[in-house]
Amino acid sequence: MAFTLESPAFESGQTIPEPYVRNGGNLSPPLRWKNAPAGTRSFLLVVEDPDAPRGMFRHWAVYDIAGRDRLPEGTAGPESFRQGVNDFGNAHYDGPQPPKGHGVHHYHFRLSALDVETLETDGNTGIADLLALAKPHVIATADLVGTYESR
């Protein structure tokens, strides 16, 4: 069975609803996953937009997720999990907000199964640095893509 990531809020390839975009409710969407591979000790979730005008834009990272198979809606608060600093400069979820007239953007929700319980960070780590720390520990990755266009 494949390692998968899904959301009850939107299907893969479909539009991300307004409650989960930055100029909407700015809530992180509910997510759930199945079939984590053997040896998984924690997870890293990253949300990225490769369609941003200046290249990859990172909206959210949550790490050291252990002992669970889902994140509820609104899991963006610092009290819940360790979070990386996104490209807005915030250590919390900031949803889709592409420039008006820039077309449809694709938001990749990537969940990596890791063979370590924790990523050793100083607690104020950027998402690119988190990805670099995690890279040697990734066992498998599950991907969910949502779209959004500002009008």
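Sequence order as written defines the numbering, with residues in each chain counted from 1. Local features in a predicted model are, by the rule used here, given only for residues with pLDDT of at least 70; side-chain atom pairs are given and counted only at 80 or more, and totals for whole chains, interfaces and linings are based on all residues. Calculated side-chain values reflect all of the structure's heavy atoms, with hydrogen atoms and water omitted.

Here a Phe, Tyr or Trp ring, Trp counted by its six-membered ring, pairs with any other such ring whose centre lies within 6.5 Å, and the pair is stacked when the planes are under 30 degrees apart, edge-to-face when over 60, and tilted otherwise. Counted under the stated rule, the structure contains five aromatic pairs. Arranged with centres 5.1 Å apart and planes meeting at 85°, the rings of Trp-60 and Tyr-93 form a pair that is edge-to-face. Here Trp-60, found in strand β4 (residues 57–65), pairs with Tyr-93, found in the loop between β6 (82–83) and β7 (105–114); they are 33 residues apart in sequence, far enough to count as distant. Only protein chains enter the accessibility calculation, which uses a 1.4 Å probe; a residue is then buried when its area is under 20% of its type maximum, exposed when over 50%, and partly exposed in between. On the basis of relative accessible area, Trp-60 is assigned to the buried category, the value being 0%. In textbook terms, an aromatic cluster arises when at least three aromatic residues are bridged by ring pairs, as seen for Phe-3, Trp-33 and Phe-43. Residue placement shows Arg-22 over the ring face of Phe-88; its charged tip is 3.6 Å from the ring centre. Helix and strand definitions follow DSSP, with helices as H or I runs of at least four residues and strands as E runs of at least two, each counted in order from the N terminus. In this scheme, the term charge over a ring applies when either NZ of a lysine or CZ of an arginine sits within 6 Å of the ring centre and within 35 degrees of the ring normal.

Its location among the elements puts Phe-3 in the segment before β1 (4–6). By relative accessible area, Phe-3 is classed as buried at 13%. Phe-3 sits 24 residues away from Leu-27 along the chain, and the two C-alpha atoms are 25 Å apart. Note on definitions: a residue-residue contact is assigned when non-hydrogen atoms from the two residues lie within 4.5 Å. In this structure Phe-3 touches Trp-33, Lys-34, Asn-35, Ala-36, Pro-37, Phe-43, Leu-111, Ala-113, Ala-140, Thr-141 and Ala-142, once residues within four positions along its chain are discounted.

All right, on to the sheet that holds strand β3 (residues 42–49) then. The pairing criterion is simple: DSSP has to find at least two bridges between the two strands. Taken in spatial order, the five strands line up as β6-β4-β3-β7-β8 in an open sheet, and their pairing is antiparallel. Both edges of this open sheet fall to β6 and β8 (138–148), since each of them pairs with a single strand only. The pairing of β7 with β8 spans 10 bridges and is antiparallel. Bridge pairing in β8 places His-105 opposite Tyr-148. Seen against the sheet, helix α1 (residues 127–134) touches β3, β4, β7 and β8 and runs at an angle of roughly 45° to β4. The angle between two axes is taken between their N-to-C directions and runs from 0 to 180 degrees, where each axis is a line fitted to C-alpha atoms and a helix contributes only its stretch in contact.

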